[in-house]
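Topology and contacts: notes
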Amino acid sequence: MRLISLSSLIFSAICAVSSPVAAEPTPVVVELFTSQGCSSCPPADELVKRLSEREDILPLAFHVDYWDYIGWADVFADPAHTDRQRGYAQVGGRNMIYTPQMIVMGREDVVGADVMEVSEVLGSYVGQKPKMHLTVARDSETLAVRAPELPDGMSGQFRVQLVRYMPLKRVEIKRGELAGNTVDYANIVESVQVLTDWTGAEPLELSVALPGDLPAAVLVQEWPFGPILAAARAD
């Protein structure tokens, strides 16, 4: 009964974040730091799976490696994901990292399993006009990235990042805190590539190799580890 109630709660919370009637097509970026060795993470993983069904929200699951010692090495974990989480903590003045943690648009620190708090935070971002206009176009194995120069007063240090992710993968966990569980993971980050550092003082125009079939997204973020100005999918 508990699992049924949890699923219903997640579904209700997601539906409560209404989609805008008319808004520019830029998704709200939700970064989940999670681990297959964390017994508190499955509700957050399920939440990411639900969010991945929406066009106006882009959830990205960054699997970290610091729970691997418990007895199950997360098959998607990458030390670079742990470094990214530490970077957010340092900039945000936090002296610890944890799972499941969500960072919304590079700004908001939310407990990833708290579906009501996540819903409330998302509600404050969905439908907001983006701070910049970012477009991407995928042609075979090439990705074109375009953005106009930023208005006066908005220039700064921005990092343009290409994220490749796996849409869905089922994992049977055989050891550790979740031993015996089978979990569906969505939008699993496989790589983050820095395309360029940009000041916004001139138009952004890039052509990037994009081999393979994995979906991709481009993020433009104040750096280091600041707010995300805009994002675009390249599925």
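Now for a description of the structure that goes with this document.

One finds Val-29, Leu-60, Met-102, Val-104, Leu-122 and Leu-219 to be the most contacted residues of the largest nonpolar core, which totals 36 residues. Ranked by the residues each element gives to this core, the list is headed by strand E1 (residues 28-34), at 5 residues. Once residues within four sequence positions are removed from consideration, Leu-219 is found in contact with Val-29, Leu-58, Leu-60, Arg-84, Arg-159, Val-160, Gln-161, Val-163, Ile-228, Ala-230 and Ala-231. Formed by 22 residues, the second largest nonpolar core is a distinct cluster that contains Leu-143, Leu-150, Leu-162 and Trp-198.

Bringing the packing of aromatic side chains into the picture now. Each pair of aromatic rings is reported with the distance of its centres and the angle of its planes. As enumerated under the stated definition, the model contains 8 aromatic pairs in all. Consider the rings of Phe-76 and Tyr-185, whose centres lie 6.1 Å apart with planes at 75 degrees: the pair is edge-to-face. Linking Phe-76 in the loop between strand E2 (57-63) and helix H3 (79-92) with Tyr-185 in strand E8 (residues 182-198), this pair joins segments that are 109 residues apart in sequence. Accessibility assignment for this pair places Phe-76 and Tyr-185 in one class, buried. Grouped by ring-pair contacts, the aromatic residues Phe-33, Phe-62, Tyr-88, Trp-223 and Phe-225 constitute a single cluster.

A few words now on the sheet that holds strand E5 (residues 135-139). Ordered in space as E5-E6-E9, the 3 strands form an open sheet in which the pairing is antiparallel. Among the strands making up the open sheet, the edge pair consists of E5 and strand E9 (204-209). Ignoring which end each strand starts from, the neighbouring axes of this sheet average 15 degrees apart. Bridge count between strand E6 (residues 142-147) and E9: 6 bridges; the pairing is antiparallel. Counterpart to Ala-147 in the pairing with E9 is Leu-204.

What counts, and at which threshold
Residues numbered from 1 in each chain as written. Predicted model: local features only at pLDDT ≥ 70, side-chain atom pairs only at ≥ 80, totals over all residues. Heavy atoms only, no water. Core = buried A, V, L, I, M, F, W, Y, C linked by side-chain atoms within 4.5 Å. Buried < 20%, exposed > 50% of the residue type's maximum accessible area, 1.4 Å probe, protein only. Helix = DSSP H or I, 4+ residues; strand = E, 2+ residues; numbered from the N terminus. Contact = heavy atoms within 4.5 Å. Phe/Tyr/Trp six-rings, centres within 6.5 Å; stacked < 30°, edge-to-face > 60°. Pairing = 2+ DSSP bridges. Axes fitted to C-alpha atoms, helices over the stretch in contact; angles between N-to-C directions.

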